Amino acid sequence: MTDLTGQSVLVIGGGKNLGLAIARKAAALGATVTIGVRSAQDAAGDEFRVVALDITDEDSIAAAAAELGTIDHIVSTAAAHHNVAVADLDKAATVTAFDAKVVGPLLVAKHFDVTGSIVLFSGVAAWQPSPGYAVMGITNGAVAFAVAALAKELAPVRVNAISPGIIDSGTYDAMPDADREAFFAGVAQGNLAGRVGRTEDIVDAVAWLWGAGFVSGETIHVEGGARAA
Ligand SMILES: NC(=O)c1ccc[n+]([C@@H]2O[C@H](COP(=O)([O-])OP(=O)(O)OC[C@H]3O[C@@H](n4cnc5c(N)ncnc54)[C@H](OP(=O)(O)O)[C@@H]3O)[C@@H](O)[C@H]2O)c1
């Protein structure tokens, strides 16, 4: 079990869903945890130190870096999906999607003084192209290249990505129950594990990466074997 006693962890997007669960895991492993959120009214604010951080805004990133100083581990779960057909692409929403997943993490690497590791979030859509999900697929794919490039340049800081399959993380809670159950049943049929992903599947992988001192530049696929199904 990774021991983060005496270490600091910043989780960008730590206000809900996977980010919140990752922040709670870091705290359980002994870390001093800060969550970076766009809205200071975030519900998790009473559990953790909170820093205002909009990953699509370089000034916001720079201000958070100056406020927090040296950090041992940074995780970013931030995403701004733009799931439309190519014919319906909106330029601004497309750029924001890249800002959240690709440009923003590069600027986090630029501004923050990190000593241990950075974990970014890719996603299975990069490896399973589907109409209506081009931006999601391309941004998630770019994350895999980003961690390889950043790992080389920032070494010995380790930079890796998690590529989740479909995870019952809370992000699908707004769907009507019957639709969500049908969606998850389809997901279970489309991977080797025969089930939808659980939040702890991802949290455990991030916790392993925090302590995996010989792993850098990798994208870890936590997707129940979806690409092989
Ligand atoms: N869940 C899945 O099935 C799945 C599958 C593949 C990949 N992933 C990836 O895994 C990551 C986490 O998934 P999730 O289910 O927890 O996603 P989520 O529910 O969409 O959460 C995304 C988090 O990012 C934050 N965020 C969005 N834009 C931001 C910005 N500009 N600056 C700072 N924070 C921002 C959100 O905060 P707000 O409250 O401010 O919106 C939220 O806390 C995402 O990158 C997602 O693409 C998830």
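See the structure shown above.
Residues numbered from 1 in each chain as written. Predicted model: local features only at pLDDT ≥ 70, side-chain atom pairs only at ≥ 80, totals over all residues. Heavy atoms only, no water.

**A short note on the overall build of the chain**
Across its full length, the chain holds 6 helices and 9 strands. Taken over the C-alpha trace, the chain has a radius of gyration of 17 Å; the compact-globule value for 229 residues is 17 Å, and the two agree within 12%. Along the first, second and third principal axes, the C-alpha atoms of the chain reach 45 × 40 × 35 Å. Expressed as a percentage of its 229 residues, the buried residues of the chain come to 48%. A separation threshold of at least 6 residues defines the contact pool for the chain, and within that pool the share at least 24 residues apart is 69%. Looking at the chain as shown, the accessible area adds up to about 10,900 Å², and 54% of this sits on carbon and sulfur atoms. Placing the 14 positive and 25 negative side-chain charges of the chain at their respective mean positions leaves the two points 4 Å apart. (Helix = DSSP H or I, 4+ residues; strand = E, 2+ residues; numbered from the N terminus. Rg over C-alpha atoms; globule rule 2.2 N^0.38 Å. Buried < 20%, exposed > 50% of the residue type's maximum accessible area, 1.4 Å probe, protein only. Contact = heavy atoms within 4.5 Å. Areas by Shrake-Rupley, 256 points an atom, 1.4 Å probe, with all protein chains shown as cover. Lys, Arg positive; Asp, Glu negative; His and termini not counted. Charge placed at Lys NZ, Arg CZ, Asp CG, Glu CD.)

**Notes on the sheet that holds strand β3 (residues 49–52)**
The strand order across the open sheet built from 7 strands is β3-β2-β1-β4-β5-β6-β9, with neighbouring strands paired in parallel fashion. Bordering the open sheet on either side are β3 and β9 (219–222), each of which pairs with just one other strand. Pairs of neighbouring strands in the sheet enclose a mean axial angle of 20 degrees, with direction left out of account. One ladder, built from 4 bridges, connects strand β6 (residues 158–164) with β9; its direction is parallel. Looking across to β9, one finds that Ala161 is bridged to Thr219. Lying on the sheet, helix α4 (residues 134–154) is in contact with β5 (114–121), β6 and β9; it crosses β6 at an angle near 165 degrees. (Pairing = 2+ DSSP bridges. Axes fitted to C-alpha atoms, helices over the stretch in contact; angles between N-to-C directions.)

**Regarding the site of the ligand**
Taken together, 24 residues form the shell around the ligand, and within it Asn17, Arg38, Asp54, Ser169 and Tyr172 come nearest. A distance of 3.0 Å separates an oxygen atom of the ligand from a polar atom in the backbone of Gly13. Taking 890 Å² as the accessible area of the ligand by itself, protein coverage stands at 89%. Residues of the shell around the ligand, tallied by class, amount to 10 nonpolar, 10 polar and 4 charged. (Near = heavy atom within 4 Å. Polar contact = N/O pair within 3.5 Å; in protein donor to acceptor, adjacent residues only side chain to side chain. Nonpolar A, V, L, I, M, F, W, Y, C, P; charged D, E, K, R; others polar.)

**Describing the nonpolar core**
If you look at the biggest cluster of nonpolar residues, it comprises 30 residues, and the most contacted ones within it are Ile22, Val75, Phe121, Ile162, Ile202, Val206 and Trp210. At the level of secondary structure, the elements contributing two or more residues to this core comprise β1 (8–12), α1 (17–28), β2 (32–37), β5 and α6 (199–211). The element contributing the most residues to this core is α6, with 7 residues. If we ignore the near neighbours within four places in the chain, the residues touching Ile22 are Val11, Val75, Thr77, Phe121, Val203, Val206 and Trp210. If you look at the next biggest cluster of nonpolar residues, it comprises 27 residues, including Leu10, Leu53, Ala100 and Leu107. (Core = buried A, V, L, I, M, F, W, Y, C linked by side-chain atoms within 4.5 Å.)

**Description of the packing of aromatic side chains**
How two aromatic rings sit relative to each other is set out by the distance from centre to centre and by the angle between their planes. A full pass over the atoms with the stated rule returns 3 aromatic pairs. Note on Phe183 and Phe184: the rings are 5.7 Å apart at their centroids and 35 degrees apart in plane angle, and the pair reads as tilted. Taking the relative accessible area as the measure of exposure, Phe183 reaches 30% and is therefore partly exposed. Taking the relative accessible area as the measure of exposure, Phe184 reaches 11% and is therefore buried. An aromatic cluster is defined as three or more aromatic residues linked by ring pairs; in this entry it consists of Tyr172, Phe183 and Phe184. (Phe/Tyr/Trp six-rings, centres within 6.5 Å; stacked < 30°, edge-to-face > 60°.)

**Looking at the packing of α1 against α6**
The N-to-C vectors of α1 and α6 enclose an angle of 50 degrees; their axes lie 9 Å apart at closest approach. Comparing their axes, α6 and α1 come out oblique. Note on packing geometry: the crossing formed by α1 with α6 is right-handed. Contacts between α1 and α6 pair Leu18, Ala21, Ile22, Lys25 and Ala26 from the former with Thr199, Ile202, Val203, Asp204, Val206, Ala207 and Trp210 from the latter. Class assignment for the residues of the contact of α1 with α6 results in 9 nonpolar, 1 polar and 2 charged. (Parallel < 35°, antiparallel > 145°, perpendicular 65-115°, else oblique. Left-handed = near helix turned anticlockwise from the far one by under 90°.)

**Observations concerning the environment of Thr219**
As for its position among the elements, Thr219 is in strand β9. With a relative accessible area of 16%, Thr219 lands in the buried category. When sequence neighbours within four positions are dropped, the list of residues in contact with Thr219 reads Ser122, Trp127, Ala144, Val147, Ala161 and Ser163.

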